[in-house]
2 protein chains.
Amino acid sequence: MVYKHKDIAEKLIDRHIKPSFHRIKVLEYLMANRTHPTAEQIFACLKKELPTLSKATVYNTLKLFVEAKLAREITIEDKEIRYDYTIENHGHFKCESCGTIFDFKINVDDCITEELDDFVIKDKNVYFKGICPRCFSNT
Amino acid sequence: MVYKHKDIAEKLIDRHIKPSFHRIKVLEYLMANRTHPTAEQIFACLKKELPTLSKATVYNTLKLFVEAKLAREITIEDKEIRYDYTIENHGHFKCESCGTIFDFKINVDDCITEELDDFVIKDKNVYFKGICPRCFSNT
DNA sequence: ATATAAATCTATAATCAATACAATATAGCA
DNA sequence: TGCTATATTGTATTGATTATAGATTTATAT
């Protein structure tokens, strides 16, 4: 899928973020690459197209997006944080063999107990680990 | 609750881990302190009692425990990994204001879709973020 | 017991994602 | 045009974790 810069800029403006060129490019990357990339991967890929891009800008931009709920941080394990364009109601499965992160549908609201009634829940994450079908059949 | 070293040693032997003195002390700490400590915190606390203790030993021991399913890694966010003595069917809620991590009961199995039928699931984690009642009432 | 091998542990150096910071560039506006 | 705030760059620093090599302890056999 190809996204128009104007549409991406509007998403940023909606969240009260000034649509600078670099911010548009980072968000475009997140929307086009639903591969749960790390900040490093985003930087390495965009650097080819934008030679002046700085790593600090990528980190700053991603932090802005997370605060604005445009993106989510995935911290299944490892030291590396991964980023995900926001979609509701899905969990992440990380294959311990090939490292791929898969999305799957889940609605955690169905199994929350009243224990959390007095808590303000802002973010819900479900992380599974194991072996994906492809790796499992290769054993 | 106080645990006998002999009982802790048996838990280790059950998981095919040799019950060295330091390993017993680390497991004892995890069982007695259900506060989701970091490796640093465990090290700092045990160091008082065991002056020769090395940080590397704490990391090695925790890694052993995680592999043996005696402990779980909690990676809600931050760079710091936290450790939790294994208990089934509970999620973690991190307060964005005070940083405390709370346990709550949840049974994710109830809301898993058939999407994951072909995946071997070895570990399930549920992480919530938000504001705890105490911090909320202080605003 | 003593020797030998295996495991555990220590201490320190290295790694590397993430952050902090100071300097520069750009955009918005009177 | 100049002024101010924001955005970006480039580099230095941080800090949790890992790697490593050597020392110590434990287990086993002779």
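Residues numbered from 1 in each chain as written. Chains lettered and ligands numbered in written order. Predicted model: local features only at pLDDT ≥ 70, side-chain atom pairs only at ≥ 80, totals over all residues. Heavy atoms only, no water.

Here we look at the overall build of chain A
Helix and strand content of chain A: 5 helices and 5 strands. Going residue by residue from the N terminus, the α and β elements of chain A occur as α-α-α-α-β-β-β-β-β-α. Dimensions of chain A, computed from C-alpha atoms along their principal axes, come out at roughly 45 × 45 × 30 Å. Looking at chain A as a whole, 43% of its 139 residues are labelled buried. Across chain A, every contact between residues at least 6 apart in sequence was considered, and the portion connecting residues at least 24 apart equals 47%. Total accessible area on chain A is roughly 7800 Å²; 51% of this is exposed by carbon and sulfur atoms. Chain A carries 22 positive and 22 negative side-chain charges, and their two centres are separated by 9 Å. (Helix = DSSP H or I, 4+ residues; strand = E, 2+ residues; numbered from the N terminus. Buried < 20%, exposed > 50% of the residue type's maximum accessible area, 1.4 Å probe, protein only. Contact = heavy atoms within 4.5 Å. Areas by Shrake-Rupley, 256 points an atom, 1.4 Å probe, with all protein chains shown as cover. Lys, Arg positive; Asp, Glu negative; His and termini not counted. Charge placed at Lys NZ, Arg CZ, Asp CG, Glu CD.)

Things to note about the protein's contact with DNA strand D
Lining the immediate environment of DNA strand D, one finds 16 residues, of which A:Ser20, A:Arg23, A:Thr52, A:Thr57 and B:Tyr59 sit closest. For DNA strand D, a phosphate oxygen lies 2.7 Å from a polar atom in the side chain of A:Arg23. Measuring from a phosphate oxygen of DNA strand D, one finds a backbone N or O atom of A:Thr52 at 2.7 Å. Contributions of two or more residues to the surface near DNA strand D are made by α2 (21-32) and α4 (55-67) of chain A together with α4 (55-67) of chain B. A per-element tally of the surface near DNA strand D places α4(B) first, with 3 residues. (Near = heavy atom within 4 Å. Polar contact = N/O pair within 3.5 Å; in protein donor to acceptor, adjacent residues only side chain to side chain.)

Some details on the interface of chain A and chain B
In this complex, chain A contributes 34 residues to the contact, which on the side of chain B involves 34 residues. Across the chain A to chain B interface the summed buried area is about 3100 Å²; carbon plus sulfur atoms make up 64%. At the junction of chain A and chain B, the tally comes to 4 salt bridges. A salt bridge links B:Lys129 to A:Asp123, with the nearest nitrogen and oxygen atoms 3.9 Å apart. Along the contact surface separating chain A from chain B lie 14 residue pairs in polar contact (both at pLDDT 80 or more). Mapped onto the side of chain A that touches chain B, the elements with two or more residues apiece are β4 (101-105), β5 (120-131) and α5 (133-137) of chain A. It is β5(A) that provides the largest number of residues to the side of chain A that touches chain B, a total of 12 residues. Pairing analysis gives 11 bridges linking β5(A) to strand β5 (residues 120-131) of chain B, with the strands arranged antiparallel. Within β5(B), the position partnered with A:Gly130 by the bridge is B:Ile121. (Buried area = accessible area lost by both parts, 1.4 Å probe. Salt bridge = Lys/Arg side-chain N within 4 Å of Asp/Glu carboxyl O. Pairing = 2+ DSSP bridges.)

Re the domain arrangement of chain A
Residue and element names in this part refer to chain A. Domain boundaries assigned for chain A yield domain 1 (5-75) and domain 2 (88-137). One C-alpha centre belongs to domain 1, the other to domain 2, and the line joining them spans 24 Å. Taken residue by residue, the interface counts 6 residues in domain 1 and 9 residues in domain 2. The contact between domain 1 and domain 2 buries some 670 Å² in all, and 43% of this surface belongs to carbon and sulfur atoms. Put simply, domain 1 and domain 2 have 1 salt bridge between them. Between Asp123 and Arg72 there is a salt bridge, with the nearest N and O atoms lying 3.6 Å from each other. (Domains from an automatic or database assignment.)

Section: the sheet that holds strand β4 (residues 101-105) of chain B
A sheet is described by the order of its strands in space; here 6 strands give the open sequence β4(A)-β3(A)-β5(A)-β5(B)-β3(B)-β4(B), paired in mixed fashion. Every other strand in the sheet has two partners, leaving β4 of chain A together with β4 of chain B as the edge strands with one partner each. Sheet twist, expressed as the average angle between the axes of neighbouring strands with direction ignored, equals 30°. Here 4 bridges tie strand β3 (residues 90-95) of chain B to β5(B), and the two strands are oriented parallel to one another. Along β5(B), the bridge assignment pairs B:Lys94 with B:Lys129. (Axes fitted to C-alpha atoms, helices over the stretch in contact; angles between N-to-C directions.)

Some remarks on the protein's contact with DNA strand C
Close to DNA strand C lie 16 residues; A:Ile81, B:Lys18, B:Ser20, B:Thr52 and B:Thr57 are nearest. Within 4 Å of the protein, the atoms of DNA strand C are drawn from sugar and phosphate moieties in a proportion of 80%. For DNA strand C, a phosphate oxygen lies 2.8 Å from a polar atom in the backbone of A:Ile81. Mapped by element, the contributors of at least two residues to the surface near DNA strand C are α4 of chain A together with α2 (21-32) and α4 of chain B. Tallying contributions element by element places α4(A) first for the surface near DNA strand C, with 3 residues. Taken together, the residues that form the surface near DNA strand C break down as 5 nonpolar, 5 polar and 6 charged. (Nonpolar A, V, L, I, M, F, W, Y, C, P; charged D, E, K, R; others polar.)

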